[in-house]
Amino acid sequence: MIRLSDLYREHGRRLTPGDMDLQAGITGWRSPSNIALVKYWGKVGEQMPINPSVSFSLSESYTETTVEFGVTDDPRIVFSFGGSLSESFGSRVEAYIGRVSEYLPFLGALSLRIDSSNSFPHSAGIASSASAMSALAMCLCSIERNLFGTLQDDTAFKRKASFLARLGSGSASRSLFPGFAVWGHHPGVPGSSDEVAQPLPFRGLRLRDTILITDSGEKPVSSSAGHRLMERHPYREARIAQAFDHTLKLTGAIRDRDMHTLVRVVEQEALTLHGLMMSSDPGYGLLNDRTWAIIREVRRFREQSGIPVCFTLDAGPNVHLVYPDDHQAETAEWIDERLLQHCEEGRRIDDGMGRGPEEIRKTGPQ
Ligand code: PMV
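Residues numbered from 1 in each chain as written. Predicted model: local features only at pLDDT ≥ 70, side-chain atom pairs only at ≥ 80, totals over all residues. Heavy atoms only, no water.

> Help me get a handle on the site of the ligand, residues and values and all.
Taken together, the neighbourhood of the ligand is formed by 13 residues, with Y40, S169, S171, R174 and H227 sitting nearest. The backbone of G170 places a nitrogen or oxygen atom 3.4 Å from an oxygen atom of the ligand. Here an oxygen atom of the ligand and a side-chain polar atom of S171 are 2.7 Å apart. Protein chains shield 91% of the accessible area of the ligand, which is 380 Å² for the free molecule. Along the lines of polarity and charge, the residues of the shell around the ligand split into 5 nonpolar, 5 polar and 3 charged. (Near = heavy atom within 4 Å. Polar contact = N/O pair within 3.5 Å; in protein donor to acceptor, adjacent residues only side chain to side chain. Areas by Shrake-Rupley, 256 points an atom, 1.4 Å probe, with all protein chains shown as cover. Nonpolar A, V, L, I, M, F, W, Y, C, P; charged D, E, K, R; others polar.)

> Any chance you could break down the environment of L58 for me, citing the residues and the numbers?
Relative to the helices and strands, L58 resides in strand β4 (residues 53-71). Taking the relative accessible area as the measure of exposure, L58 reaches 2% and is therefore buried. Taking C-alpha positions, L58 is 8.4 Å from S175, a pair spaced 117 residues apart along the chain. (Helix = DSSP H or I, 4+ residues; strand = E, 2+ residues; numbered from the N terminus. Buried < 20%, exposed > 50% of the residue type's maximum accessible area, 1.4 Å probe, protein only.)

> I'd like a description of the pattern of salt bridges, backed by residues and values.
Side chains that carry opposite charge are capable of pairing whenever their charged atoms lie near each other. According to the stated counting rule, one finds 23 salt bridges in the structure shown. In this structure, D6 engages R3 in a salt bridge whose closest nitrogen and oxygen atoms are separated by 3.9 Å. With a closest N to O distance of 3.9 Å, R30 and E358 form a salt bridge. Here R30, found in strand β1 (residues 24-38), pairs with E358, found in strand β14 (residues 358-362); they are 328 residues apart in sequence, far enough to count as distant. On the basis of relative accessibility, which here comes to 24%, the residue R30 falls in the partly exposed class. The structure contains a network of salt bridges with shared partners spanning R3, D6, R9 and E102. (Salt bridge = Lys/Arg side-chain N within 4 Å of Asp/Glu carboxyl O.)

> Could you give an account of the packing of aromatic side chains, naming the residues involved and the relevant values?
Under the counting rule described, the total for this entry stands at 7 aromatic pairs. With a centroid separation of 4.8 Å and 65° between ring planes, the pair formed by Y8 and F163 is classed as edge-to-face. Highlighted residues: Y8 in helix α1 (residues 4-13) and F163 in helix α4 (residues 154-168), separated in sequence by 155 residues. Centroid distance Y40 to W183: 4.6 Å. Interplanar angle 70°. Geometry classified as edge-to-face. With a gap of 143 residues between them, Y40 in the loop between β1 and β2 (43-44) and W183 in strand β8 (residues 180-183) connect regions that are remote in the sequence. For the pair Y40 and W183, a shared accessibility class is recorded, and that class is buried. In textbook terms, an aromatic cluster arises when at least three aromatic residues are bridged by ring pairs, as seen for Y8, Y103 and F163. Residue placement shows R166 over the ring face of F163; its charged tip is 5.2 Å from the ring centre. (Phe/Tyr/Trp six-rings, centres within 6.5 Å; stacked < 30°, edge-to-face > 60°. Lys NZ or Arg CZ within 6 Å of the ring centre and 35° of its normal.)

> Account for the sheet that holds strand β11 (residues 310-313), naming residues and giving values.
Taking strand neighbours across the sheet as the criterion, the 4 strands line up as β11-β12-β10-β13 in an open arrangement whose pairing is antiparallel. Two strands in the sheet have a free side with no partner beyond their single neighbour: β11 and β13 (348-352). The mean angle between the axes of side-by-side strands here comes to 25°, regardless of whether they run parallel or antiparallel. Where strand β10 (residues 207-212) and β13 come together, 5 bridges link them in antiparallel fashion. Within the sheet, the bridge partner assigned to D209 lies in β13 and is D351. Most of the contacts of helix α7 (residues 259-278) go to β11, to which it runs at about 30°, and overall it touches β10, β11 and β12 (319-324). Strands in contact with helix α9 (residues 328-339) are β10, β12 and β13; relative to β12, the strand with the most contacts, it is inclined by about 155°. (Pairing = 2+ DSSP bridges. Axes fitted to C-alpha atoms, helices over the stretch in contact; angles between N-to-C directions. Contact = heavy atoms within 4.5 Å.)

> Lay out a negative patch on the surface with the relevant residues and their values.
A contiguous patch of negative charge, built from D326, E330, E333 and E337, is present on the exposed surface. Considering the arrangement of structural elements, one finds E330 in helix α9. Residue classification places E330 among the partly exposed positions, given a relative accessible area of 35%. (Patch = residues over 30% accessible without salt bridge, like charges linked within 9 Å, V, L, I, M, F, W, Y side chains within 5 Å. Lys, Arg positive; Asp, Glu negative; His and termini not counted. Charge placed at Lys NZ, Arg CZ, Asp CG, Glu CD.)

> Describe in detail the side chain of D209, supporting the description with residues and values.
In this structure, D209 sits in strand β10. Look at D209: it is buried, it has no salt bridge, and the nearest opposite charge is R208 at 8.7 Å. Of the polar contacts made by the side chain of D209, one reaches the side chain of H320; its length is 2.8 Å. Each residue touching D209, except ones within four places of it in the same chain, is listed here: I35, F56, L58, H320, L321, I349, D350, D351 and G352.

> Outline the nonpolar core, listing residues and values.
Ranked by size, the top nonpolar core spans 44 residues in total, and within it Y96, F106, L107, L110, L112, I143 and L164 carry the most contacts. Residue assignment for this core shows that the elements contributing at least two residues are α1, β4, α2 (87-100), β7 (110-118), α3 (128-148), α4 and β8. Of the residues forming this core, the biggest block, 10 residues, is contributed by α3. Dropping the residues within four chain positions of it, L164 is found in contact with Y96, V100, Y103, L104, A137 and C141. (Core = buried A, V, L, I, M, F, W, Y, C linked by side-chain atoms within 4.5 Å.)

Put into structure tokens, the structure is as follows:
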């Protein structure tokens, strides 16, 4: 089988500065974060996952990135966050641009002025790397399209953007699509790949995600460190088998709108993720008393009301409440009454399934 990385590397070699249609321009994309229902945890090789994962894109939590680009003899990258120059983010972006240059060698002939901002606060339990890296990858694909007239087809465009986003942050590969996405090869999911994510073709189920902030502080252990600890994790093989099984069960549940199965799989995934952290060597725990109090409340409410609300967790202590759109009213009441008391200063973010990235700036007629 031909690997996409070989294909894109080969294609990149043919994108030479001499062939550029244009010398300068601007592009901008708004791209959402996503919440994983089956978790990506552990990687191999060039940012490939050890297991498949499933997520949905959010609507309110996004990054907006604009890139002004121009051909120059003295290429530079200037990065600002919300209008202010940011050296720390800047060096991460610069390293990323260096990393993707083998697929987009023309970047070496361009100066880039990148500005980025998030719709959500820092450390709010929302993966900002997913939205930031997917927005930037979309901008890079737009630059290629602008300069060479390639990637006109939307599917080809998104596929390459997903591939490039993955190299910045694995979970970012899943942010490129409306609704649900799968990343990672699974024999039961046609077309699935370790190199790119793809949308799930089921549109019926609409979910909400209310994010309950229990602690907005900096995480003591990064996701990168957590992924690394999976390399020699004692439960690695069992985890991989479980994630394959969960991916099949969850995609079936989404297709059939089987909330009973969805709730079971999603909560098992959340607790497994944190169980893996605790059983790593060295082990660590990121959950706090408030997280556990909310988990207990969720289970009690579900049992009493019959409403299929479940919790999931990212690599942090904030709780994502996942539930169907059509139970929003009753759920909102319960959140106000029972859950906000466990949140840091009563903070929560109301989000839900979104439509994927949107182009916000482009060169030429708008
Ligand atoms: O994409 P990364 O390297 O930030 O890892 C994300 C890991 C989780 O958010 C915990 C799970 C996931 O699949 O998004």
